[in-house]
Amino acid sequence: MKLIDKLQRKFGRYAIPNLTMYIIILYVVGYILQLIQPSFVLYLTLEPALILQGQVWRLVTWLLIPPGRLDIFTIIMLSLYYSLGNTLEKTWGTFRYNLYIFSGVLATMIGAFIIYGIFAAQGVEPLLGTTFSTYYISLSIFLAFAASYPNMQLYLYFIIPIKIKWLALLDGVYLLFAFVSSNWAGRVAIIASLFNFLVFFLGGVQYWRVSPSEIRRKQKFKKQVSSNTRSYPNKNNQVTKHKCAICGRTELDGDDLEFRFCSKCDGNYEYCQDHLFTHEHVHHDKK
């Protein structure tokens, strides 16, 4: 968690808000391309052998390949993924949700090159087709939501109420069956595509321990900080948003500095992490 916090302070401003919407847009573009020319998909797949021959666009274009055929069931599932993804982004924050998705994308690419390297060492240059795709990455969004909100209820086929944890369990059984019945390329694809879920939920990050009430409390505090944030000119006439009421340091004095408003002080007093818990609370005398 400390590493993620450091990454967020350094790269958080580059996070993409509403990332799930852009994922869905990529899928829509992919469906349009399939309708126009079905064989065009062959030029989009993640093929390490062809990438190393100069077709570098495949490092990105495989994200256009949607996780299934275009039918009413797929449209419903994509709508569900959009809702679940937006909820996760609000729960975790934009940066952490970005990190979750892009770590799955990166792991999938690495997995494809690992399989290629194994076969190439044996004198074979395989074409993987759509073995490494966005299917399991999309599934990881559902699994992450189920781990975060296991008791949330969905209506299967809009009729049957069922808790999302049981649907996730069915997906787990399906993944286990797919893993056992697949070849090594398919097994690596499953592990690589779900690498983000395995790390975030089985490796100690444990986002599911954040309760909904805690999430609402953090969101409320963030809004209060945003509404109470003022601009302070420093000695170089640079405008800053944060300033410690004790030492006068601002965010320009160090990338590792954090600032919080004290809820026990009368008024909007902001402090750095060194003085947040050590300052003397300000109380105005009430007449």
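## Comments concerning the environment of Gly93
Here is step 1: By the secondary structure assignment, Gly93 is in the loop between helix 5 (72–92) and helix 6 (94–121).
Here is step 2: Remark: the alpha-carbon pair of Gly93 and Pro17, spanning 76 residues in sequence, is separated by 9.2 Å.

## Quick look at the packing of helix 6 against helix 9 (residues 184–193)
Here is step 1: Following both chains from N to C, one finds helix 6 and helix 9 inclined at 160 degrees, their axes separated by 8 Å at the closest point. As judged from the angle between their axes, helix 6 and helix 9 are roughly antiparallel. In this structure, helix 6 crosses over helix 9, and the sense of that crossing is right-handed. Seen from helix 6, the contacting residues are Gly104, Ala107, Thr108, Gly111 and Ile115; seen from helix 9, they are Trp184, Ala185, Val188, Ala192 and Ser193.
Here is step 2: Along the lines of polarity and charge, the residues of the contact of helix 6 with helix 9 split into 6 nonpolar, 4 polar and no charged.

## Quick word on the side chain of Thr61
Here is step 1: Here Thr61 shows up in helix 4 (residues 58–61).
Here is step 2: A relative accessible area of 15% places Thr61 in the buried class.
Here is step 3: Within the local environment of Thr61, its side chain forms a polar contact with the backbone oxygen of Leu44, the two atoms lying 3.0 Å apart.
Here is step 4: Not counting the four nearest positions on each side in its chain, Thr61 is found in contact with Tyr43 and Leu44.

Analysis parameters
- Residues numbered from 1 in each chain as written.
- Predicted model: local features only at pLDDT ≥ 70, side-chain atom pairs only at ≥ 80, totals over all residues.
- Heavy atoms only, no water.
- Helix = DSSP H or I, 4+ residues; strand = E, 2+ residues; numbered from the N terminus.
- Axes fitted to C-alpha atoms, helices over the stretch in contact; angles between N-to-C directions.
- Parallel < 35°, antiparallel > 145°, perpendicular 65-115°, else oblique.
- Left-handed = near helix turned anticlockwise from the far one by under 90°.
- Contact = heavy atoms within 4.5 Å.
- Nonpolar A, V, L, I, M, F, W, Y, C, P; charged D, E, K, R; others polar.
- Buried < 20%, exposed > 50% of the residue type's maximum accessible area, 1.4 Å probe, protein only.
- Polar contact = N/O pair within 3.5 Å; in protein donor to acceptor, adjacent residues only side chain to side chain.

Taken by themselves, the reported measurements are silent on function.
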